[in-house]
Amino acid sequence: MLGLMQNRQLLVSSIIDFADKNYGDVEIVSKTDSNQVHRYSYSEATYRIKKLINALKNIGLKKGDKVATLAWNDHRHFELYYAISSMGAILHTINPRLFEEQIIYISNHAEDSILFFDQSFANLVNNISKKLVSVKKYVIMKSEKSDLNIKLDNIISYENFIDHKVKDLDWPNFKEEEACSLCYTSGTTGNPKGVLYSHKSTLLHAWATSMPDTLCISASSVVMPVVPMFHANAWGLVYAAPMTGAKLVLPGSDLDGESIYKIINDEKVTISAGVPTVWLMLLNYMDQNRGSIMSVKNLVIGGSAAPKSMIKEFSDKYNVTVLHAWGMTEMSPLGTVCRLLPKHNDLSIASKFDLKAKQGRAIFGVEMKITDDSGVEMPRDGKSFGNLKVKGPWVAEAYYKEPKKILDEEGWFNTGDVATIDPDGFMQITDRSKDVIKSGGEWISSIDLENIAIGHEKILEACVIGIPDTKWDERPLLLIVQDKKSELTKKEVLDFFVGKVAKWWIPDDVIFLEELPHTATGKLLKSKLRDEFKNHKIV
Ligand code: AMP
């Protein structure tokens, strides 16, 4: 027997409509591409979103059409998030840090019909526009008065584009399973793959993200996603903030320590989220300038492992609780958050930090297990490593335009991460499956070794890769960037591992580099280093 409840569809438009009607005067503050601070309210944003929808309809944009953005986190990008999805079209956020060839590939693959871009990407757009075969219109995200300074046919400034006569509309209704946004991930091998989110998955994810034991976002929060809106929907925060009535702060393109420090203090940010690199820059800035961030209660760190030393420094020096989180583009992205349980109150401080450095427990909606290579589930004992698999209503089941499902027969998605899960459900990533080091038939966690190295006060960044070894199959090689003022020796670095891991885990050699290569989403580019150092001989 079916229930007798209203079958209202969960649509992205309902979030902004709710914010307009219930938190209409709450602010969205953003740093624009021209480095100015822009402020307005959810109601003012809604008014412009409706104008934007009318403008898009006016040029013939239809349901299911794709609209691309190359933009930083600001109010215009926010408007695009809501306008494109609310009218039934699909928002395609492109990561501008990708190589030009990759951007061309994904835009053509997605069949984008319009491209909105920030002024700072004008050169990039100039370089690639001839190869973007489906794009018919370009919109530069500037105000009407500024001169366009770009040679493209069919281009208009954002403010001219949305200056539309019809300023109101009824939100269109359609099925919640329809697509609302598209984001390509380059985490997998081969060409980037498109993850196509639905209205329903986006809403449920934002809802779960806001819950008290997830990120605890409410009308008293001031939320600042430092994670870009082109990376997995800014981890859902641009949806969670209007859904809960939180003030939203969008930091633009300046993500250096000083800029982030200033905007946190100016706007009294209470919760922010980003990758470890950003928080390292903030810590360095505060250290050099005796700064503090008194308004901040929680910093969410994800995308790469948050080193324990970083979690500890935020807590000890700045009274900020780090929430270590894990997820991936295919998961909208949030899967786990690390929060201690009441039963951990009496743990020693050191044990608490050990636990906080784990990636945490599944949030409601996400099921998780680890298996061996033949698919047999492994024990939740906190020690056994296995392939991490997930299920849930905001986990992808296939990639865009690829008919083959990416799930096994039981509906599990293999994340490509290797992890342990302890009896309380705390998950800890030990590696990407392709990065794990196989030595003498046993696995060595490169992330564990990197975290230890980063804990050394003179080491700024560390990467551990497996290099071929005739006897052991693979052995760990440590590559580090050290503080400019220090002159560490190999012995000093390797001695630092003694007593912290089993002897056979200690890297065989250390290489000192000026910098380490990163991917477009800020992760270490281990494949490049593996290639470069595959013939490295230990001396
Ligand atoms: P992306 O789809 O670009 O967000 O990348 C997802 C991948 O980033 C995951 O599969 C993990 O390998 C890695 N990742 C994300 N968060 C963490 C974390 N907290 N610790 C370690 N690795 C992480």
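Residues numbered from 1 in each chain as written. Predicted model: local features only at pLDDT ≥ 70, side-chain atom pairs only at ≥ 80, totals over all residues. Heavy atoms only, no water.

(A) Inspection of the overall build of the chain at higher detail. Within the chain, the regular secondary structure consists of 15 helices and 25 strands. In terms of overall size, the chain behaves like a compact globule, its C-alpha atoms giving a radius of gyration of 24 Å where 539 residues would be expected to give roughly 24 Å. Projected onto its principal axes, the C-alpha positions of the chain cover 70 × 65 × 45 Å. For the chain, the proportion of contacts with a sequence separation of at least 24, taken over those separated by at least 6, is 66%. When the 65 positive and 69 negative side-chain charges of the chain are each reduced to one mean point, those points stand 2 Å apart. (Helix = DSSP H or I, 4+ residues; strand = E, 2+ residues; numbered from the N terminus. Rg over C-alpha atoms; globule rule 2.2 N^0.38 Å. Contact = heavy atoms within 4.5 Å. Lys, Arg positive; Asp, Glu negative; His and termini not counted. Charge placed at Lys NZ, Arg CZ, Asp CG, Glu CD.)

(B) Representation of the sheet that holds strand S9 (residues 193–198). Read across the open sheet, the seven strands follow the order S7-S6-S5-S3-S4-S8-S9; overall the sheet is mixed. The open sheet has two free edges, formed respectively by strand S7 (155–157) and S9, since each of these has just one partner strand. Adjacent strand axes in the sheet meet at a mean angle of 25°, parallel and antiparallel pairs treated alike. Across three bridges, the pairing between strand S6 (residues 137–140) and S7 is parallel. Looking at S7, one finds that Ile140 is bridged to Ser157. Docked against the sheet, helix H4 (residues 100–110) engages strand S3 (66–70), strand S4 (90–93), strand S5 (112–117) and strand S8 (179–185), running at close to 150° with respect to S8. (Pairing = 2+ DSSP bridges. Axes fitted to C-alpha atoms, helices over the stretch in contact; angles between N-to-C directions.)

(C) The domain arrangement of the chain, seen in detail. Partitioning the chain into domains gives domain 1 (13–253) and domain 2 (437–532). The centre of domain 1, based on its C-alpha atoms, is set 39 Å off from the matching centre of domain 2. (Domains from an automatic or database assignment.)

(D) Expanded view of the nonpolar core. Phe78, Phe116, Phe117, Trp279, Ile293 and Phe314 are the most contacted members of the largest nonpolar core, which totals 147 residues. In terms of residues, this core owes the most to one element, helix H2 (residues 42–58), which gives seven residues. Counting 21 residues, the second-largest nonpolar core is a separate cluster that includes Phe385, Leu449, Val464 and Ile506. (Core = buried A, V, L, I, M, F, W, Y, C linked by side-chain atoms within 4.5 Å. Buried < 20%, exposed > 50% of the residue type's maximum accessible area, 1.4 Å probe, protein only.)

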